[in-house]
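Spelled out, the chains give:
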Amino acid sequence: MEYLVLLQNGLVVLFTIAISWKLITYMWGSLKMEKEPMKVLVTGYAIAPMIGRGIMLGPDQPVILHLLDIAPAAEALMGTILSPEVHATIDVTEACKDVNIAIMLGGFPLKEGTERKDMMSKNVPIYKEQASALEEHAASDCKVLVVANPANTNALILKEFAPSIPEKNITCLTRLDHNRALSQIVERLKVYITDVKNVIIWGNHSSTQYPDVNHATVTTINGERPVKELDTDDHWLKNEFINTVQQRGVAIIKARKASSALSAVCAACDHMRDWVLGTPKGTWVSMGVYSDGSYGIPRDIIYSFPVKCEEGKWSIVKGLKIDEFSRAKMDAIAKDLIDEKEVAHSCLN
């Protein structure tokens, strides 16, 4: 009899704990607040569905899209308003209001036969105007990604005309080139893309960039191994590999008479997702950022470095060994970017 009473009491206790736990978890779930929506400015439409599906910021992050376009496209722009979470306008001031993220895709594209200086003369004034609007109306912690070419110099102009936005919050896209470099290694070594990491794009998003595999690794059944150990053909690594990555954009323009829009917006999503949500431990990516003098690169230019991201902030990977071949490439790109900055400033006069 005493045994039955103890058993009955034990069952009552277990039942009470179970009910209490259910109640606690229910109340906790009710109390959990949904994330605040992030306002995302986009000057171009191709990336909008990816942002809406959570590919860029995660499926649990609500977003409000601000789409900006030029006046001749106003009618088509209005056709993109499919929900209250999408705002479309040709007014740059309205578009920049309180935005937390700005993806600057818009600009005159690089086409076959277009001189880089001609493209710059059209895009630099656009970025001056948009920078002024971001300076005045964006959130104080707005993160900016410049995609339109010349991306490094457009980002620099934007930084100069939006001085209150922290310099670490203005970046340009070299992730497209980073992804292309990874793809070349995958094709060469017949491995999976998820097994390759830590290639580097140094410098400029142009044909002068330097794709570097000196620190890249591949995960094998025997652990991580350097790419240069798995492929000892130094001639391929220093010539064909570099040339293919450098010229990929030109090859696409020649083939389709336009730039690689889809792969660019996919790379933009990769860039921003890693910046906001963080890079995996032990992995770095390439981002065009404001130089702090690391690796002997002059300050006051936007230059692509290897970076790691954590808690919404990026930091340049320090202490990597730079050989003579790499040093020469990196310094040449820095000179090109300084020259390009001077041309850009001449376009503003």
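Residues numbered from 1 in each chain as written. Predicted model: local features only at pLDDT ≥ 70, side-chain atom pairs only at ≥ 80, totals over all residues. Heavy atoms only, no water.

**Q** It is not clear to me how the overall build of the protein chain should be interpreted in this structure. Could you clarify?
**A** Of the regular secondary structure elements, the protein chain holds 11 helices and 14 strands. A total of 349 residues make up the protein chain; the buried ones form 46% of that total. The long-range fraction of contacts in the protein chain, counting pairs at least 24 apart against all pairs at least 6 apart in sequence, stands at 68%. Just so you have it, the protein chain exposes about 18200 Å², and 58% of that area is on carbon and sulfur atoms. (Helix = DSSP H or I, 4+ residues; strand = E, 2+ residues; numbered from the N terminus. Buried < 20%, exposed > 50% of the residue type's maximum accessible area, 1.4 Å probe, protein only. Contact = heavy atoms within 4.5 Å. Areas by Shrake-Rupley, 256 points an atom, 1.4 Å probe, with all protein chains shown as cover.)

**Q** Just checking my understanding: could you explain empty space enclosed by the protein for this structure?
**A** Picture a little ball the size of a water molecule; that probe, rolled over the atoms, points out where space is still empty. For the structure on display, the rule yields one cavity of 30 Å³ or more. What the largest cavity holds in volume is close to 90 Å³. Considering the residues around the largest cavity, the lining is formed by 13 residues, among which Tyr-210, Val-213, Asn-214, Leu-237 and Lys-238 are closest to the centre. Elements represented by at least two residues in the lining of the largest cavity include exactly strand S9 (210–212) and helix H9 (234–256). Here the element with the most residues in the lining of the largest cavity is H9; it accounts for five residues. Its residues placed into classes, the lining of the largest cavity shows seven nonpolar, one polar and five charged. (1 Å grid on protein atoms, 1.4 Å probe; cavity = no way out; pocket = protein on both sides within 12 Å on 5 of 7 lines; lining within 4 Å. Points joined across faces, edges and corners; volume = space filled by probe spheres on them. Nonpolar A, V, L, I, M, F, W, Y, C, P; charged D, E, K, R; others polar.)

**Q** So what exactly am I meant to see when it comes to the packing of aromatic side chains here?
**A** Given two aromatic rings, one states the distance between the centres and the angle between the planes to describe the pair. Scanning all chains against the criterion turns up five aromatic pairs. With a centroid separation of 6.2 Å and an interplanar angle of 80°, the aromatic rings of Trp-202 and Phe-305 are classed as edge-to-face. Residue Trp-202 is located in strand S8 (residues 200–202), and its partner Phe-305 is located in strand S13 (residues 302–310); the two are separated by 103 residues in the primary sequence. The residues Trp-202 and Phe-305 share a single accessibility class, namely buried. Pairing Tyr-303 with Phe-305 gives two aromatic rings, centres 5.1 Å apart and planes at 50°, and the pair type is tilted. The pair formed by Tyr-303 and Phe-305 is uniform in burial state, with each residue classed as buried. These aromatic residues form a ring-pair network of at least three members: Trp-202, Tyr-295, Tyr-303 and Phe-305. (Phe/Tyr/Trp six-rings, centres within 6.5 Å; stacked < 30°, edge-to-face > 60°.)

**Q** Help me out: how do you make sense of the sheet that holds strand S7 (residues 196–197) in this one?
**A** Either a parallel or an antiparallel arrangement is found when strands of a sheet pair, and the pairing is made through backbone hydrogen bonds. What the three strands build is an open sheet, ordered S7-S10-S11; its pairing is antiparallel. A single partner strand is all that each edge strand has here, and the edge strands are S7 and strand S11 (223–226). (Pairing = 2+ DSSP bridges.)

**Q** So what exactly am I meant to see when it comes to unusual backbone geometry here?
**A** Here the amide bond leading from Asn-149 into Pro-150 is cis, since omega sits at -5°, within 30 degrees of zero. Structurally, Pro-150 is set in the loop between strand S5 (143–146) and helix H6 (151–161). Not every positive phi belongs to a glycine, and Tyr-295 is a case in point at roughly 55°. Secondary-structure assignment places Tyr-295 in the loop between strand S12 (285–290) and S13. Backbone geometry places Asp-300, a non-glycine residue, at a positive phi of 70°. Relative to the elements of secondary structure, Asp-300 occurs in the loop between S12 and S13.

**Q** Just checking my understanding: could you explain the side chain of Thr-89 for this structure?
**A** With respect to the helices and strands, the residue Thr-89 is situated in strand S3 (residues 86–89). Using a relative accessible area of 8% as the deciding quantity, one classes Thr-89 as buried.

**Q** What should I look at first to understand the nonpolar core in this one?
**A** Taken as a class, soluble globular proteins show a tendency for nonpolar side chains to be buried jointly. Formed by 67 residues in total, the largest nonpolar core has its most connected members in Val-40, Val-42, Ile-47, Met-56, Ile-103, Tyr-303 and Phe-305. The element that contributes the greatest number of residues to this core is helix H10 (residues 261–277), accounting for seven residues. In contact with Phe-305, not counting residues within four places along its chain, are Ile-201, Trp-202, Val-285, Ser-286, Met-287, Val-289, Ser-291, Ser-294, Tyr-295, Ile-297 and Ile-316. Core analysis: the next-biggest nonpolar cluster, separate from the first, contains 32 residues, Val-92, Ala-151, Leu-158 and Ala-344 among them. (Core = buried A, V, L, I, M, F, W, Y, C linked by side-chain atoms within 4.5 Å.)

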